[in-house]
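In case you want the letters, here they are:
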Amino acid sequence: MDIPKSGAVIWKGQLCTACGTCELMCSLYHDGVASPARSRLQITYHPFKDIVDCHVCQQCDSPTCYSTCPLANDALCIDELSGARYINEEACTGCESCIDACTFDPPNVRLNDEKSVAFKCDLCRDRAGGPICVEYCAYGALQFVAKDQR
Amino acid sequence: MTGSYGWAGQILWVDLTAGKITKVPTAEYEPEKFIGGLGLNTRIFWSLGCPKVAAFDPANPFIASAGPLTGIVGPFQRGIISSISPQSYPDELFSYSSFGGKWPAQLKYAGYDGVVVIGKASKPVYLSIEDADVQIEDATDLWGLDTWATGDELLGKDTKAESLCVGPAAENLSRVAPVMTRTGNTAGQGGFGAVMGAKNLKAIRVRGTGGVQIAKPDKLMGLIRLIAKEKVDGSGEPALDLRKPLAGNPARGELVKKYRTRFSGCYGCPYQCMATYKVPGLGTGAASCAQWNYGAFDSEDPDSVWEANVLMQKLGLENYSFEAILSFLYLCKKEGVLTEADFKELGIPLCKFLGGQASGHEFLAALLRPMAEGRSVFSNGLPRAMEHFNKEAHNIYRSLYTARGYSIHHHETVGGALHWALDTRDTSPSAADEMMFMISPDIAQYFGVVGGAATLNQPDNTDYDGNERNVAFSVKHQMLRNSLTWCEWHSKPTSFFKPPDMDIRVLESQFFSTVTGVEKDVDELWRAGEAIWNLRRAVMVKRENRTRNEDTIDDIHFEQQTNIATTLPLDFKFGFGIRRGGPLDRARFERLKDGYYKLVGWDVNTGWLTRTKLEELGMKDVADGLARAGKLP
């Protein structure tokens, strides 16, 4: 089957302060906890080199996480509306094949040790306002690009 | 409840002499009453019996804590260090200093509300905290490194971890050595870096992969929206925006224009009140406020201003005390108290603001490196340097200090002066409340305190009455902020001011209750602030024989006009830090003290706490302790 395209969160490095508000809002929204380790996007910052980086799922046109998942469409799914590649925690077995398959380094899919399930950015698919990280970034460093504008 | 929501639930207890690490439940220190941060630290010190030891004695506890709000989104990222202060003068008083950055949040994510370090290691060590795995590690190879190199060695490529560390100045027991983070955040005043140095403790590295559990996540989202999105605090920018050029400090304007790469600040705070600067050949780092002080003196040389900041950070020296030393040198030269020969003997080349030709670089290197190496008369700060200078120089020094070895830092109001008189340290961050009441009489009226001209520390303010209410408000608020923890720059009376439904007190109460699940309305939360202040007073009374007589500031402020904002010389053009004021009227000031003691339920004659007040605050044990020490009226 054809995999529909997805929108994505993109990051403007020059505007980012590495404040981490995005990480904490992500974990608060998805898991009800303030924890950078639970955030779907990861900000790294080296103050003495002024190097900031952001690792967040790019919702690839040809998602290797999806094509590798042994339970694709049950565990790693495609949202019909937004196209977001997302993980259904109920079905995920935590086999980590999606993590291994992610083409980014570090992978933008990670394992929740406590629940033994993979987790990744789902563009806050069930949230009316779209990705919460984008909404709460005070510096315009995170933007949502819709699937038809990529 | 503690340990479930807000609080991490454990305190690390590290005995460096024994090489022993234990984990103590936070609940043992009544966090629902004393909240966290400053309150928690003070409660721990009280439980240790308020040891009457010297700052560099191994028995002096070094306590660093976060609060129940620390680690969630908002201006809540402060850590509080409490210990017996090497800087306070002439006596070493139990005091505190706060800092921001990433370390306090990481401590919470690792599962701890605080760290208590006692004893002394037999060789240099650092403490490594990785979630439950806590180790005392050899730091022989780190000893002697500057703070930037130490941060790089300890943290490497792990950009989430953070360290508290000290530089060469603290290793050499400089009493003006701060505790530093890699992100340029500093527990500046107090000299607590030297307490770490005395313990052979080079650093505390922390990395946490857990989180702060929230009692009511959905409600918290709404509160965060209020502070992050609806921008109740004016523009949503930092309350005091020091990321931009300041009038009268052209070098700083040049730096901002040429070298600022991005805004920066504490982890999890949307306000980001610092900025990162990338200066070729001198290094990349962050700066906020006091780091600019050198610019008031050498205002034509932006690179030297940055070099001063970088050198201070790397050597681990404290910026605000440094400003007083610069002012002292400038005034001594200007008034002929120190001659060129004297400067030569001190090894300090005369740079432009001292009337000479030496470059800023030559001047800074000659002044700062010996300070950090323990071979300068200024190594232990200006008050302790005075034994090397004559009476005229001593008079100049007196004009630069407010109380207890802390240099002038905002006592523009009579309430601010009383606030200084009551505390053990520089109270200026909290005197922001008193400043706001001065600037905004309408808001003062809303909070039931005095506003406008009636607050001024000026000779034409002939009636100090009522200002005791301002001090009672701002001191309790100081205790609360530093316990929750909530940044002092974003918790002014003017912050989030939307009466009748919303003001800073309401917001503090809502955040605390929502995060911890412990419901406290405004009155109950502020009663905790009062309890923390009473406990701090109990420490002062029991350990330091504090009485009404010591509740004062230095005599000069009752004798003549001074700069009541900062230590900058009054003839400087850097307008932000210069405001002439005083002298205070001693009779009126004493009457103001009477009013304050009565208002807060303390004994007017002695300034001691009373059993009635302590029992009203649920602190019978503290009253009993003071009674046993013969310190209860």
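Refer to the preceding data block for the structure.
Residues numbered from 1 in each chain as written. Chains lettered and ligands numbered in written order. Predicted model: local features only at pLDDT ≥ 70, side-chain atom pairs only at ≥ 80, totals over all residues. Heavy atoms only, no water.

**Observations regarding the overall build of chain B**
From N to C terminus, chain B includes 25 helices and 20 strands. With the C-alpha coordinates of chain B rotated into their principal frame, the extents come out at 65 × 60 × 50 Å. Classification of the 633 residues of chain B by burial places 66% in the buried group. Sequence-distant contacts in chain B: of pairs separated by 6 or more residues, those separated by 24 or more amount to 66%. Total accessible area on chain B is roughly 20300 Å²; 48% of this is exposed by carbon and sulfur atoms. (Helix = DSSP H or I, 4+ residues; strand = E, 2+ residues; numbered from the N terminus. Buried < 20%, exposed > 50% of the residue type's maximum accessible area, 1.4 Å probe, protein only. Contact = heavy atoms within 4.5 Å. Areas by Shrake-Rupley, 256 points an atom, 1.4 Å probe, with all protein chains shown as cover.)

**Remarks on the overall build of chain A**
Counting its secondary structure elements, chain A contains four helices and nine strands. Each principal axis of the C-alpha distribution contributes one length, and for chain A these read about 45 × 35 × 30 Å. Each of the 150 residues in chain A was classed as buried or not, and the buried ones make up 57%. Of the contacts formed within chain A by residues at least 6 apart in sequence, a portion of 57% connects residues at least 24 apart. For chain A, the distance from the average position of its 13 positive side-chain charges to the average position of its 20 negative side-chain charges is 4 Å. (Lys, Arg positive; Asp, Glu negative; His and termini not counted. Charge placed at Lys NZ, Arg CZ, Asp CG, Glu CD.)

**Quick notes on the environment of C102 of chain A**
Residues and elements named next belong to chain A. Topologically, C102 is positioned in the loop between α3 (97-101) and β7 (110-112). Judged by relative accessible area, C102 falls into the buried class, the value being 16%. C102 has contacts with T64, P107, N108 and V109, leaving out every residue within four places of it along the chain.

**A short note on the pattern of salt bridges**
Residue and element names in this part refer to chain B. If you walk through the whole model with that rule in mind, you get 42 salt bridges over all chains. Its salt-bridge partner being D585, residue R588 comes within 3.7 Å of it at the nearest N-O pair. The partly exposed category is assigned to D585, whose relative accessible area is 26%. Beyond isolated ion pairs, a larger network of salt bridges with shared partners links E130, D158, R205 and R207. (Salt bridge = Lys/Arg side-chain N within 4 Å of Asp/Glu carboxyl O.)

**Section: the nonpolar core**
Residue and element names in this part refer to chain B. Counting 99 residues, the largest nonpolar core has I72, F511 and Y596 as its most contacted members. In terms of residues, this core owes the most to one element, helix α21 (residues 522-544), which gives eleven residues. If we skip the residues at most four places from it in the chain, F511 touches L69, I72, F76, L220, L223, I224, I227 and W486. By size, the runner-up hydrophobic cluster in this structure holds 93 residues, among which are F263, L329, L331 and M371. (Core = buried A, V, L, I, M, F, W, Y, C linked by side-chain atoms within 4.5 Å.)

**Some words on the interface of chain B and chain A**
Facing 40 residues of chain B, the contacting portion of chain A comprises 35 residues. Three residues stand out in chain B for area buried against chain A, namely M221, R262 and Y267 of chain B, and they jointly supply 21% of the buried area on that side. Between chain B and chain A we count three salt bridges in total. The residue R262 of chain B makes a salt bridge to D50 of chain A at a minimum N-O spacing of 2.8 Å. The tally of links from chain B across to chain A stands at 16 residue pairs in polar contact (both at pLDDT 80 or more). With six residues, helix α7 (residues 217-228) of chain B is the single largest residue contributor to the side of chain B that touches chain A. Residues of the side of chain B that touches chain A, tallied by class, amount to 17 nonpolar, 15 polar and eight charged. Note: strand β2 (residues 33-34) of chain A against strand β13 (residues 212-213) of chain B, two bridges, orientation antiparallel. What sits directly across from A34 of chain A, in β13 of chain B, is V212 of chain B. (Buried area = accessible area lost by both parts, 1.4 Å probe. Polar contact = N/O pair within 3.5 Å; in protein donor to acceptor, adjacent residues only side chain to side chain. Nonpolar A, V, L, I, M, F, W, Y, C, P; charged D, E, K, R; others polar. Pairing = 2+ DSSP bridges.)

**Quick look at the side chain of T427 of chain B**
Residues and elements named next belong to chain B. Turning to its location among the elements, T427 is positioned in the loop between α16 (414-422) and α17 (432-439). On the basis of relative accessibility, which here comes to 1%, the residue T427 falls in the buried class. Residues within four places of T427 in sequence aside, it is in contact with G416, H419 and W420.

**Topic: the sheet that holds strand β6 (residues 114-118) of chain B**
Residue and element names in this part refer to chain B. One open sheet accounts for six strands, arranged β2-β1-β6-β3-β4-β5; its pairing is mixed. At either margin of the open sheet sits one strand with a lone partner, and together these are β2 (20-25) and β5 (94-99). Ignoring which end each strand starts from, the neighbouring axes of this sheet average 15° apart. Alignment of strand β1 (residues 10-15) against β2, held across six bridges, turns out to be antiparallel. Bridged to I11 within β2 is V24. Lying on the sheet, helix α3 (residues 103-110) is in contact with β3 (62-65), β4 (79-84), β5 and β6; it crosses β6 at an angle near 95°. (Axes fitted to C-alpha atoms, helices over the stretch in contact; angles between N-to-C directions.)

**Considering the packing of helix α1 (residues 21-31) of chain A against α7 of chain B**
Contact geometry for α1 of chain A and α7 of chain B: axes closest at 9 Å, N-to-C directions at 145°. For α1 of chain A against α7 of chain B, the interelement crossing comes out left-handed. Listed contacts from α7 of chain B to M25, L28 and Y29 of chain A of α1 of chain A are P217, L220, M221 and I224 of chain B. Counted by class, the contact of α1 of chain A with α7 of chain B contains seven nonpolar, no polar and no charged residues. (Left-handed = near helix turned anticlockwise from the far one by under 90°.)

**What to know about the side chain of S83 of chain B**
Residues and elements named next belong to chain B. The residue S83 is located in strand β4 in this model. At 3.0 Å, the side chain of S83 forms a polar contact with the side chain of N60. Discounting chain neighbours no more than four positions away, the residues touching S83 are N60, P61, F62, L93, F94, S95, F192 and V195.

**Concerning the sheet that holds strand β14 (residues 260-264) of chain B**
All names here are of chain B. Taken in spatial order, the three strands make up an open sheet running β14-β15-β16, and their pairing is antiparallel. In this open sheet, the two strands that pair with only one neighbour each are β14 and β16 (283-287). Adjacent strand axes in the sheet meet at a mean angle of 20° when their direction is disregarded. For β14 and strand β15 (residues 274-279), the ladder comprises four bridges, and the chain directions are antiparallel. Across the sheet, residue R260 finds its bridge partner in β15, namely Y277. Contacts from helix α8 (residues 250-259) reach β14 and β15 within the one sheet, and its direction differs from that of β15 by about 75°. Helix-sheet contacts for helix α10 (residues 302-315) involve β15 and β16, and the interaxial angle to β16 is about 85°.

**Remarks on the environment of S174 of chain B**
Residues and elements named next belong to chain B. For S174, the position within the fold is in the loop between α5 (168-171) and β10 (179-181). For the pair S174 and Q357, spaced 183 residues apart in the sequence, the C-alpha separation amounts to 29 Å. Setting aside chain neighbours within four positions, we find S174 in contact with A169, A194, L317, S379 and N380. In this structure the side chain of S174 is engaged in a polar contact, spanning 2.6 Å, whose partner is the backbone oxygen of S379.

**Side note on the pairing of strand β9 (residues 162-165) of chain B**
All names here are of chain B. A two-sided burial pattern is seen for β9, the buried positions comprising E162 and L164 on one face and S163 and C165 on the other. Examined bridge by bridge, β9 and strand β12 (residues 201-207) share four bridges and lie antiparallel to one another. Following the sheet pairing, L164 is matched in β12 by I204. In this sheet, β10 lies alongside β9 in antiparallel orientation, the contact comprising two bridges. When the bridges of β10 are listed, C165 appears paired with M180.

**Regarding α10 of chain B**
Residues and elements named next belong to chain B. The end-to-end C-alpha distance of α10, which contains 14 residues, comes to 20 Å, matching closely the 20 Å that a straight helix rising 1.5 Å per residue would cover. Counting buried positions over the 14 residues of α10 gives twelve, a clear majority of the element. Of all the residues in α10, the buried ones are P302, S304, V305, W306, E307, A308, N309, V310, L311, M312, Q313 and L315. Backbone geometry just after α10 places G316 at a positive phi near 80°. (Expected span 1.5 Å × (residues − 1).)

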